[in-house]
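Given next are the chains, with one letter for each unit.
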Amino acid sequence: MKKNYWKKIVPKFIDYYSLIHILAGILIGLVLTLAYYDYGWINGFRKYIITGVSLLVLWEVFEVCLRYIKKYNNKLYKWLLKFLPGYIFSRESVVNITGDIIIGVAGLVDRKSVV
């Protein structure tokens, strides 16, 4: 494997928005922890992880839908710009989307370590 391989992959995988995704993972983990201890909704580590990963994947799907709106529905795009920042409509590679999900999962906080 060439030495410069990682120099090409890592910038696509980890960027400024990685911080946002790890914070989102931490926030989701805390909310799921509260849902478990306060309401008993999420019982079991497997459900905790499945719910957390599902929420992160759904967010990435939402971002992809926003990019299609920008491309194919100009009126809706202009209306959404009133509520959402413009950078959320920017194009991302599959590597970056995968990295966002992995980094978000890394941010999930295990409820055992919180309480």
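Owing to the predicted nature of the structure, the values given are computational and were not obtained by experimental measurement.

Thresholds, definitions, all that
Residues numbered from 1 in each chain as written. Predicted model: local features only at pLDDT ≥ 70, side-chain atom pairs only at ≥ 80, totals over all residues. Heavy atoms only, no water. Helix = DSSP H or I, 4+ residues; strand = E, 2+ residues; numbered from the N terminus. Expected span 1.5 Å × (residues − 1). Buried < 20%, exposed > 50% of the residue type's maximum accessible area, 1.4 Å probe, protein only. Patch = residues over 30% accessible without salt bridge, like charges linked within 9 Å, V, L, I, M, F, W, Y side chains within 5 Å. Areas by Shrake-Rupley, 256 points an atom, 1.4 Å probe, with all protein chains shown as cover. Salt bridge = Lys/Arg side-chain N within 4 Å of Asp/Glu carboxyl O. Core = buried A, V, L, I, M, F, W, Y, C linked by side-chain atoms within 4.5 Å. pLDDT = per-residue confidence, 0-100. Phe/Tyr/Trp six-rings, centres within 6.5 Å; stacked < 30°, edge-to-face > 60°.

Re helix α5 (residues 94-107)
And step 1. Here α5 contains 14 residues, and its C-alpha end-to-end distance of 20 Å stays within 8% of the 20 Å for a straight helix at 1.5 Å per residue.
And step 2. All of the buried residues in α5 are Asn96, Ile97, Gly99, Asp100, Ile101, Ile103, Gly104 and Gly107.

Some points on a nonpolar patch on the surface
And step 1. A cluster of nonpolar side chains, Leu19, Leu23, Ile26 and Leu30, forms an exposed patch at the surface whose accessible area comes to about 330 Å².
And step 2. Inspection of the secondary structure assignment puts Leu23 in helix α2 (residues 16-39).
And step 3. By relative accessible area, which is 48% here, Leu23 ends up partly exposed.

Digging into the pattern of salt bridges
Side chains that carry opposite charge are capable of pairing whenever their charged atoms lie near each other.
And step 1. Tallying each qualifying case throughout the model produces one salt bridge.
And step 2. Ionic pairing is found between Glu63 and Arg67, a salt bridge with its closest N-O pair at 3.6 Å. A residue pair is termed a helical-turn pair when its members lie 3 or 4 positions apart in one helix, as Glu63 and Arg67 do in helix α3 (residues 45-72) at four residues.
And step 3. Given a relative accessible area of 7%, Glu63 falls into the buried group.
And step 4. Overall, the relative accessible area of 15% leaves Arg67 in the buried class.

So, the nonpolar core
And step 1. Within the largest apolar cluster, six residues are counted, these being Ile28, Leu32, Tyr48, Leu56, Leu108 and Val109.
And step 2. Those elements giving two or more residues to this core turn out to be α2 and α3.
And step 3. With five residues, the next largest nonpolar core counts Tyr77, Leu80, Ile88 and Phe89 among its residues.

Comments concerning the confidence of the model for the chain
And step 1. Overall, the predicted model of the chain reaches an average pLDDT of 79, with 77% of residues at or above 70.
And step 2. Taken element by element, the predicted model of the chain shows its lowest mean pLDDT in helix α6 (residues 111-114) (56) and its highest in helix α4 (residues 74-80) (91).

A few points about the packing of aromatic side chains
And step 1. Scanning the entire structure with this criterion turns up three aromatic pairs.
And step 2. Considering the side-chain rings of Tyr68 and Tyr72, the 6.0 Å spacing of their centres and the 10° angle between planes classify their relative orientation as stacked. One end of the pair, Tyr68, and the other, Tyr72, are both in helix α3, four residues apart, so they sit about a helical turn from each other.
And step 3. The exposure class assigned to Tyr68 is partly exposed, which follows from its relative accessible area of 49%.

Description of the environment of Tyr36
And step 1. Tracing the sequence through the fold places Tyr36 in helix α2.
And step 2. Taking the C-alpha atoms as reference points, Tyr36 and Tyr48, twelve residues apart in sequence, are found 8.8 Å from one another.

Some remarks on the environment of Asn96
And step 1. Its location among the elements puts Asn96 in helix α5.
And step 2. A relative accessible area of 7% places Asn96 in the buried class.
And step 3. As a C-alpha pair, Asn96 and Ser18 span 78 residues in sequence and 9.3 Å in three-dimensional space.

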